[in-house]
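# Tertiary structure, described
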Amino acid sequence: MTSNATDAPHRALRLGVAGPVGTGKSSTIASLCRVLAGEMSIGVITNDIYTDEDARFLRSEGVLPQERIRAVETGACPHTAIRDDVTMNLLAVEDLERDFSPLDLVLVESGGDNLTATFSPALVDAQLFVLDVAGGGDVARKGGPGIARADLLVVNKIDLGEHVDVDVEQMLADARAARDGRPVLGVSRKRPETVEALAGWVRELQAAFTGGGHEPVDPGPMAPHSHADGTVHQHG
Ligand SMILES: Nc1nc2c(ncn2[C@@H]2O[C@H](COP(=O)(O)OP(=O)(O)OP(=O)(O)O)[C@@H](O)[C@H]2O)c(=O)[nH]1
């Protein structure tokens, strides 16, 4: 990459992808890689609690050279590694950036298990939060920091609306109402125009970041929550 005299950052845009289990975080990352890998240099970090399952899924999709997809195994609470102590993830991102320099975009997938996950701005420059239609039409109204204040809210699997009795337009309207004007996109990997709209949002964000015109915003801390052992805890 050529150097210049501006204040623009010289590293990749780091974009977090959070959301409850099964809403389509990995699929969203796969779709973005399919559309954008021909025009920008991309790396991916996945977070799973006990396995590298999401990284293996993405490698099997063949959307990027395998070595550009790396897994972080977070142990007990998947949120700690993206919010409180981001060291494991930062090291993984920096390794990727060093090994494939210059990267334009690093996608970081959170381990998902509830509605409250948010990334620390110390780890990512921007974040998108993924809900899905199959989780119920009222989920967007339930709020939380990711739904309300992530840089982008994706309402995924809109192709399933009629099969699960969800009015997709109403769900999108509820999502917009919960976000005070922040962007919302209805997406289905079966509808290429929606995937293109999502990729367009990332393209614009990456251009703004590279030009020094993007300000990271913290959606706020996670709400107290419990895990399988039943203990309730909270993140700073
Ligand atoms: N119909 C439909 N199914 C989808 C879509 N996107 C993802 N899926 C399916 O939803 C399921 C979960 O998708 P994943 O991408 O694994 O979701 P995830 O959020 O990464 O899941 P975890 O990592 O387990 O939290 C898979 O069976 C996908 O094939 C979509 O747009 N439409």
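Residues numbered from 1 in each chain as written. Predicted model: local features only at pLDDT ≥ 70, side-chain atom pairs only at ≥ 80, totals over all residues.

With that out of the way, let us pick up the overall build of the protein chain. In terms of regular secondary structure, the protein chain is built from seven helices and nine strands. Expressed as a percentage of its 236 residues, the buried residues of the protein chain come to 45%. Looking at the protein chain alone, contacts between residues at least 24 apart form 74% of all its contacts between residues at least 6 apart. (Helix = DSSP H or I, 4+ residues; strand = E, 2+ residues; numbered from the N terminus. Buried ≥ 20, exposed ≤ 12 C-beta atoms within 10 Å, placed from the backbone. Contact = placed C-beta atoms within 7 Å.)

Mapped onto this structure's residue numbering, the UniProt feature "binding site: GTP" (unreviewed entry) falls at Gly-19, Pro-20, Val-21, Gly-22, Thr-23, Gly-24, Lys-25 and Ser-26. Within the fold, Val-21 resides in the loop between β1 (13-18) and α1 (25-36). Mapped onto the secondary structure, Gly-24 falls in the loop between β1 and α1. Sequence-distant contacts of Gly-24, that is, excluding residues within four places in its chain, are made with Val-130, Asp-132, Asn-156 and Lys-157. (UniProt positions renumbered as here; feature names shortened; annotations may be inferred.)

With the exception of glycine, most residues fall at negative phi, and the peptide bonds are largely trans. At the junction of Ser-101 and Pro-102, the peptide bond is cis and its omega measures out at -5° in the coordinates. Inspection of the secondary structure puts Pro-102 in the loop between α4 (87-99) and β4 (105-109). We note that Lys-157 has phi near 60°; this positive angle belongs to a residue other than glycine. Looking at the element boundaries, Lys-157 is found in the loop between β6 (152-156) and α6 (168-177). In this structure, Asp-180 is a non-glycine residue whose phi angle is positive, near 55°. Turning to its location among the elements, Asp-180 is positioned in the loop between α6 and β7 (184-187). Classification of Asp-180 by C-beta neighbours within 10 Å gives exposed; the count is 8.

Let us look at the nonpolar core. Counting residues in each nonpolar core, the largest one holds 61 residues, and the members touching the most others are Leu-15, Val-106, Leu-107, Leu-153 and Val-155. Once you skip the residues sitting within four places of it in the chain, Leu-15 turns out to touch Leu-105, Leu-107, Val-124, Asp-125, Ala-126, Gln-127, Leu-128 and Val-202. (Core = buried A, V, L, I, M, F, W, Y, C linked by C-beta atoms within 7 Å.)

Our focus in this paragraph is the pairing of β1. For β1, the tally of buried residues reaches six of six residues, placing the bulk of the element in the interior. Of the two faces of β1, both are covered, the one formed by Leu-13, Leu-15 and Val-17 as well as the one formed by Arg-14, Gly-16 and Ala-18. In this structure, β1 lies alongside β4, joined through five bridges in parallel fashion. For Arg-14, the partnering residue across the bridge sits in β4 and is Val-106. Across four bridges, the pairing between β1 and strand β5 (residues 126-132) is parallel. Directly across from Leu-15, in β5, lies its bridge partner Ala-126. (Pairing = 2+ DSSP bridges.)

Attention now goes to the confidence of the model for the protein chain. Overall, the predicted model of the protein chain reaches an average pLDDT of 89, with 89% of residues at or above 70. We note a pTM of 0.91 for the whole complex and an ipTM of 0.98 for its interfaces. (pLDDT = per-residue confidence, 0-100.)

All right, on to the sheet that holds β5 then. Strand order in the open sheet formed by seven strands is β3-β2-β4-β1-β5-β6-β7, and the pairing between neighbours is parallel. Single-partner strands in this sheet number two, and they are β3 (69-73) and β7. When the angles between neighbouring strand axes are averaged without regard to direction, this sheet yields 20°. Along the sheet, α6 contacts β6 and β7; its crossing angle with β7, the most-contacted strand, is approximately 155°. (Axes fitted to C-alpha atoms, helices over the stretch in contact; angles between N-to-C directions.)

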